[in-house]
Amino acid sequence: MPVSRRGLLAGTAVAGVALAVPGTASAAPADASTGSRIGPDDARYQDLVTRGQNRRFVGKPDYIRVIRSPQDAVAAVQDAVRNGKRIAVRGGGHCFEDFVDSTDIEVVLDMSANTKISWDPQYRAFSIGSGAILENVYKELFFGWGVTVPGGGCLGVGVGGHFAGGGYGPLSRKYGSVVDHLYGVEIVVVDARGRARAVVATRDNAYRDLWWAHTGGGGGNFGVVVRYLMRTDGATGRTPEESLPKAPAALLSSVLFYDWSKVTQADFHRTVRNWFDFFEQHNTPDSPYATLYAPFILTHQKAGQSLLSTQIDAAAPNAQQLMDDFNAAITAGVKVKPQLLPVPAGPFLHLTMARSIGETASPSRAKYKAGYLKKGYTDAQIDAMYRGLTDDSYNGSESSILLVPYGGKVNTVPSNATAAAQRDVVAKMVLAASWESATDDATHLAWARKVYADIYRDTGGAPVPNAVSAGSYINYPDTDLADPAYNKSGVPWHDLYYLGNYPRLQQIKAKWDPRNVFHHKLSIEPA
């Protein structure tokens, strides 16, 4: 069942380039080719500045460079640093905040042409250009080698930020976070003298600290990632086919539709509690439900309908029975049952494409707020969700609360093994307000902030780590968490995103970006 990104979240090595060898760094030659400066008078400028998928933010940089190689990136960064220009990097354009489209950004490095995906025999890993989008990654890896990565379901998302921030998706409960399969990064950094250079940092070379920082540290912090090297932790890289997880052959799926006109508060509460209870009870990597993925899209009632979209590896033993038992568990004790739409089993990639979130050519304005859950919300928190989604004074038919299963294999990794610290979780929550007109900004921002504050009212309006919550996900950035007007918990934003890993990230930041060239509103501060 195709669904737009807005609909789901709101309710309904490069050819011809010499490779740096492990443990070395290199600067681009003085005559390195780089993309031309694309300024406001260039026909390409407007298309490039409006690539962002949140229309609340549209930047006006002095110029943009389209990056196609490490040499391009080194030369472009060096030029900007030499001239004292603020730099931002755009991959897929899905940043929730204005880290790229900010008024103080003077140079945007656009990675959308840096998309090559190949097997790199030198590193015995898959090389993925940082401008590649997930749709192309899935197709190249699957058609070429029958493998995949446990990435997200938004097909237009670029790997640049998605991978560096942790990355997760429908297969994460079985195979872990994306960064559990990250072997290395090739990245352009700037030293204390202002010299730009390209570095290859891997899991097992001299630059391991810089690799670690990209296993959940988030984008825009340390430099310009040119490519990712992907090989599962523990794999030898003897052959491409054994270096990443095998993709399922087929998927079995179903959809539950909930008619808001028939949903009572009691049924809402019981349904959400059932969802939480199920994933708490089936949260181990060896569970027969490890490949079951069931994001619950709870729209505002003015959308008319909410839906629970479920899939499972069709080759799992008794897959159909597992699916039936899951749907029965979700509807247990619910007086008005939802409509069940079974979907025939189909080929993995075909159904992945059909059921994923498609890109939109006309993105809306939006505000996102999120949180990790160690266990299901309290009764009071579920009631707060209901109040927000049934607020008659709010005309938010495109707004929603999304509950996403997580954990499983993710939780088998120590919290400090990667920068992605949340390794004892069961789910994620994403609250999304979405609208069209700038004149309605205040209304929708107020609703999102009010509902989020109500859900977390016992912890100062933020997902403070405790028995239920585990902070938030840096790929769902929310600048409100750095604002004491909204985060009244006394817990700083960086402890919510990075838990105990923040001091180490600060040390790595000071070492690899001592001039703080790469920064934004929620960037890591040098130690």
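Above this text you will find the structure in question.
Everything numeric here is computed off the predicted structure, so don't read it as measured data.

Student: I tried to follow the sheet that holds strand S17 (residues 400-405) on my own but got confused; where do I start?
Tutor: Hydrogen bonds between backbone groups are what pair the strands of a sheet, and the pairing can be parallel or antiparallel. Read from one edge to the other, the open sheet built from 7 strands follows the order S14-S11-S13-S12-S17-S18-S16, with strand pairing classed as antiparallel. Each having just a single partner strand, strand S14 (339-347) and strand S16 (365-373) make up the two edges of the open sheet. On average, adjacent strands in this sheet sit at an angle of 15 degrees to one another, irrespective of strand direction. In this structure, strand S11 (residues 250-259) lies alongside S14, joined through 7 bridges in antiparallel fashion. Each bridged residue has a counterpart across the sheet, and for Ser254 the counterpart in S14 is Pro342. Running over the sheet, helix H8 (residues 265-281) touches S11, strand S12 (296-299), strand S13 (305-313), S16, S17 and strand S18 (427-435) and is turned about 25 degrees from S17. Helix H12 (residues 441-455) rests against S16, S17 and S18 of the sheet, and its axis sits at about 160 degrees to S18.

Student: I'm lost on the sheet that holds strand S3 (residues 63-66) in this one. Help?
Tutor: Read across the open sheet, the 3 strands follow the order S3-S5-S4; overall the sheet is parallel. Edge positions in the open sheet fall to S3 and strand S4 (87-90), since each of these has one partner strand only. Across this sheet, the average inter-strand angle for adjacent strands is 25 degrees, counted without regard to direction. Contacts from helix H3 (residues 70-82) reach S3, S4 and strand S5 (107-110) within the one sheet, and its direction differs from that of S3 by about 160 degrees.

Student: What should I look at first to understand the pairing of strand S9 (residues 196-202) in this one?
Tutor: Across a regular strand the side chains alternate sides, sitting on one face of the sheet and then on the other. Burial analysis of S9 places 7 of its 7 residues in the buried class, the great majority of the element. Neither face of S9 is left uncovered, since the one carrying Ala196, Ala198, Val200 and Thr202 and the one carrying Arg197, Val199 and Ala201 both have all their residues buried. Examined bridge by bridge, strand S8 (residues 182-190) and S9 share 7 bridges and lie antiparallel to one another. Note on S9: the bridge partner recorded for Glu186 is Val200. Taking the residues that link successive antiparallel strands as the turn, the S8-S9 hairpin has 5 residues, and the phi of Gly194 there is positive, at about 85 degrees.

Student: Help me out: how do you make sense of the packing of aromatic side chains in this one?
Tutor: Per the counting criterion, the structure on display carries 31 aromatic pairs. Taken together, a centroid distance of 5.6 Å and an interplanar angle of 75 degrees make the contact between Tyr168 and Tyr473 edge-to-face. Placement of Tyr168 in the loop between helix H5 (159-164) and helix H6 (172-175) and of Tyr473 in the loop between H12 and helix H13 (493-498) is noted, with a sequence separation of 305 residues between them. The pair Tyr168 / Tyr473 is uniform in exposure class, with both members buried. Put simply, the rings of Trp275, Phe276, Phe278, Phe279, Tyr289, Phe326, Tyr377, Tyr452 and Tyr456 pair up and form one aromatic cluster. Positioned above the aromatic ring of Tyr452, the side-chain terminus of Lys369 is 4.6 Å from the ring centre. Geometry around Tyr406 places Lys428 over its ring, the cationic atom sitting 4.4 Å from the centre.

Basis of the calculations
Residues numbered from 1 in each chain as written. Predicted model: local features only at pLDDT ≥ 70, side-chain atom pairs only at ≥ 80, totals over all residues. Heavy atoms only, no water. Pairing = 2+ DSSP bridges. Helix = DSSP H or I, 4+ residues; strand = E, 2+ residues; numbered from the N terminus. Axes fitted to C-alpha atoms, helices over the stretch in contact; angles between N-to-C directions. Contact = heavy atoms within 4.5 Å. Buried < 20%, exposed > 50% of the residue type's maximum accessible area, 1.4 Å probe, protein only. Phe/Tyr/Trp six-rings, centres within 6.5 Å; stacked < 30°, edge-to-face > 60°. Lys NZ or Arg CZ within 6 Å of the ring centre and 35° of its normal.

Geometric descriptors of this kind do not, in isolation, establish any biological role.
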